[in-house]
Amino acid sequence: MTNPIKTSRSSKIDNAPTPHNTPASVLKDSYLKRKQQLQSEQEQEQDDDDDSEYNESPSLSRINEKLEYLNIEEEDEDEDDEETYEKLPKAVNNRILALKAIQSELFEVEKNFQLEMLELEQKYLQKYEPLHQHRYDLILGTKEATEEEIKLGGKLDEEERGEDDEEEEEEEEEETGEALVGIPCFWLTAMENLPMVSQNITEPDCDVLTYLTNIRLQYLTEGKPGFQLIFTFSKENEFFTNETLTKTYYYQSELGYSGDFIYDHAEGETINWVDNDHNVTVIVERRKQKNKSTKQIRTIEKLTPVESFFNFFDPPKSLDPEDEDDLDEEEIAELESRLAVDYAIGEEIKDKLIPRAVDWFTGAALEFEYGDEHDHDHDHDDEDDDDDDEEEEDDDFASKGALKKVQPPECEQS
């Protein structure tokens, strides 16, 4: 079916004869009348097509037009795409099969590309290691910055913040400067500024994370492709005895249709808490119970799981296809959502936090993450004298994930 040809308006068309300004004698059997009848028939055909239950896809429409051109008889309208393609001449179908073979070869080349990219990332991670180690030493306070580093860093800081901010910082340092070792609470502050991670950090978590001294990335070299996130804690950690906590993410061996690695599963590490009172992933409820026979009294502890960043090291398990029948759609959707969030947090730490740690510590990374939105919210706060309105603006800003830098009180370098 052909659609009516649409033309643009012009002065000539505006002055053309119409049924309203043309005498009936002229209109009878005229071109205009025949045109109106043709348009009416076309509109009727359009309405019939719209009311039909079968809506032909653009791809099918083009193929059917080509089939009509080739004088190939069409079958029932409810046939699928595969049957439609099979109706093409054998020579054309053979070419399509050849294209599938070529695509398979392209996919193999793309797989090799992804594997080589992974090897290249591993190679450069080794080149990053001396710099990451130097960063670790400065944060921990085992080494001091060189004059050259301070000069270069000051120049970069001046470009980012401007001269006025630099002068204010120098004045503040003269007034409140203290002799501190390293950079206290560096990783905790950086994590508090990373939106997806900060949403999982509770107040009890902050006390534990003050002992966090480093976060490292390591790629897997054997078995399935993947990576590890290694969290190092101070030996003075009073909450658990682990010096490191590791989270391992595994990819599937085969690439997905998009040509990227597909997340398979994650494995955490058991945390050896000193006792239940120091375990920030649970709430301890104690009650006394008296034995009816012996009359002895004993204390019973009830542990209730709570939200905590350290649940990150006990990731949700992927659903076994055999167990799908035991869960309803809502439970399956919730599990899939938890798996997606867990993987996203790992990627955020891997791709954003570790490479740009100092920018997340200072909050500068938020400007790159949210553009001018950060400055706009602060400008609005300065113009508004109402304290309540300022709090609402800050809440709106935090709800979007752009949290301000958090420096826990009395944070000492461990």
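In the block above lies the structure referred to throughout.
Just so it is clear, the model here is predicted, and its values are computed rather than measured.

Student: Go over the overall build of the protein with me, naming the residues and quoting the values.
Tutor: Secondary structure assignment for the protein yields 16 helices and 6 strands. When burial is assessed residue by residue, the protein has 29% of its 414 residues classed as buried. Put simply, of all contacts in the protein between residues at least 6 apart along the chain, 57% involve residues at least 24 apart.

Student: Tell me about the pattern of salt bridges, and please be specific about residues and values.
Tutor: With the rule as written, the count across this model stands at 6 salt bridges. In this structure, Arg-286 and Asp-277 form a salt bridge, with 3.0 Å as the shortest nitrogen-oxygen distance. Between Asp-351 and Lys-350 there is a salt bridge, and its shortest N-O distance comes to 2.9 Å. Residue class for Asp-351 comes out partly exposed when judged on its relative accessible area of 41%. Look at Lys-350 and you get buried, because its relative accessible area is 10%. When salt bridges that share partners are traced, they join Asp-277, Arg-286 and Glu-301 into one network.

Student: Explain the nonpolar core residue by residue, including any values.
Tutor: Judged by nonpolar contacts, the single largest core of 50 residues is most densely connected at Phe-231, Phe-309, Phe-310 and Ile-349. Ranked by residue count, the leading element in this core is helix 9 (residues 186–193), at 5 residues. Contacts of Ile-349, omitting those with residues within four sequence positions, involve Val-197, Ile-215, Leu-229, Phe-231, Phe-312, Ile-354 and Pro-355.

Student: Just give me the short version of a nonpolar patch on the surface, but keep the residues and values in it.
Tutor: Among the surface-exposed residues, Phe-113, Met-117, Leu-120, Tyr-124 and Tyr-128 lie close enough to one another that they form a single nonpolar patch of about 470 Å² accessible area. Owing to a relative accessible area of 47%, Phe-113 belongs among the partly exposed residues under this scheme.

Student: I'd like a description of the sheet that holds strand 2 (residues 226–233), backed by residues and values.
Tutor: Judged by pairing direction, the sheet is antiparallel, and its 4 strands sit side by side in the order 1-2-3-4 without closing on themselves. Looking at strand neighbours, the two that pair on one side only are strand 1 (212–219) and strand 4 (261–267), the edges of this open sheet. When the angles between neighbouring strand axes are averaged without regard to direction, this sheet yields 20°. Relative to strand 4, strand 3 (residues 244–255) runs antiparallel, the two sharing 5 bridges. Considered in strand 4, the bridge of Thr-248 is made with Glu-267.

Student: Please set out helix 9 residue by residue, giving values where relevant.
Tutor: Here helix 9 lies mainly inside the structure; 8 of its 8 residues are buried. Within helix 9 the residues assigned to the buried category are Phe-186, Trp-187, Leu-188, Thr-189, Ala-190, Met-191, Glu-192 and Asn-193.

Student: Go over the side chain of Ser-308 with me, naming the residues and quoting the values.
Tutor: Mapping Ser-308 onto the fold places it in the loop between strand 6 (297–305) and helix 12 (329–353). A relative accessible area of 5% means that Ser-308 is categorised as buried. For Ser-308, the side chain forms a polar contact with the main-chain nitrogen of Phe-310, separated by 3.1 Å. Residue contacts for Ser-308: discarding those within four places in its chain leaves Asn-200, Thr-202, Asp-205, Val-280 and Thr-281.

Student: So what about unusual backbone geometry? Which residues, and what values?
Tutor: Peptide bonds are trans in most cases, and residues, glycine excluded, mostly fall at negative phi. Residue Cys-185 is not a glycine yet carries a positive backbone phi of 55°. Following the sequence through the fold, Cys-185 ends up in the loop between helix 8 (163–176) and helix 9.

Student: Lay out a negative patch on the surface in plain terms, naming residues and giving numbers.
Tutor: The grouping of Asp-328, Glu-329, Glu-330, Glu-331 and Glu-334 at the surface amounts to a negative patch. Take Glu-331: it is sitting in helix 12. Judged by relative accessible area, Glu-331 falls into the partly exposed class, the value being 37%.

Student: Quick one: what's the story with the pairing of strand 1, residue by residue and with numbers?
Tutor: Burial analysis of strand 1 places 6 of its 8 residues in the buried class, the great majority of the element. Linkage of strand 1 to strand 2, two consecutive antiparallel strands, is achieved through a turn of 6 residues, within which Gly-223 is found at a positive phi near 75°.

Student: Residues and numbers for the environment of Gly-346, please.
Tutor: Tracing the backbone shows Gly-346 in helix 12. A relative accessible area of 0% means that Gly-346 is categorised as buried. With 149 residues separating them in the primary sequence, Gly-346 and Val-197 have C-alpha atoms 9.1 Å apart. Sequence-distant contacts of Gly-346, defined by excluding residues within four places in its chain, comprise Phe-227, Leu-229, Tyr-249 and Phe-312.

Student: I'd like a rundown of helix 6 (residues 90–140), residues and numbers included.
Tutor: With 51 residues, helix 6 should cover 75 Å at 1.5 Å per step; its first-to-last C-alpha distance of 71 Å lies within 8% of that length. Where helix 6 is concerned, the buried positions are Asn-93, Lys-111, Gln-114, Leu-118, Leu-125, Arg-135, Tyr-136, Asp-137 and Ile-139. Trailing helix 6 by a residue or two, Gly-141 shows a phi angle of about 95°, which is positive.

Definitions and cut-offs
Residues numbered from 1 in each chain as written. Predicted model: local features only at pLDDT ≥ 70, side-chain atom pairs only at ≥ 80, totals over all residues. Heavy atoms only, no water. Helix = DSSP H or I, 4+ residues; strand = E, 2+ residues; numbered from the N terminus. Buried < 20%, exposed > 50% of the residue type's maximum accessible area, 1.4 Å probe, protein only. Contact = heavy atoms within 4.5 Å. Salt bridge = Lys/Arg side-chain N within 4 Å of Asp/Glu carboxyl O. Core = buried A, V, L, I, M, F, W, Y, C linked by side-chain atoms within 4.5 Å. Patch = residues over 30% accessible without salt bridge, like charges linked within 9 Å, V, L, I, M, F, W, Y side chains within 5 Å. Areas by Shrake-Rupley, 256 points an atom, 1.4 Å probe, with all protein chains shown as cover. Pairing = 2+ DSSP bridges. Axes fitted to C-alpha atoms, helices over the stretch in contact; angles between N-to-C directions. Polar contact = N/O pair within 3.5 Å; in protein donor to acceptor, adjacent residues only side chain to side chain. Lys, Arg positive; Asp, Glu negative; His and termini not counted. Charge placed at Lys NZ, Arg CZ, Asp CG, Glu CD. Expected span 1.5 Å × (residues − 1).

None of this, on its own, says anything about what the molecule does.
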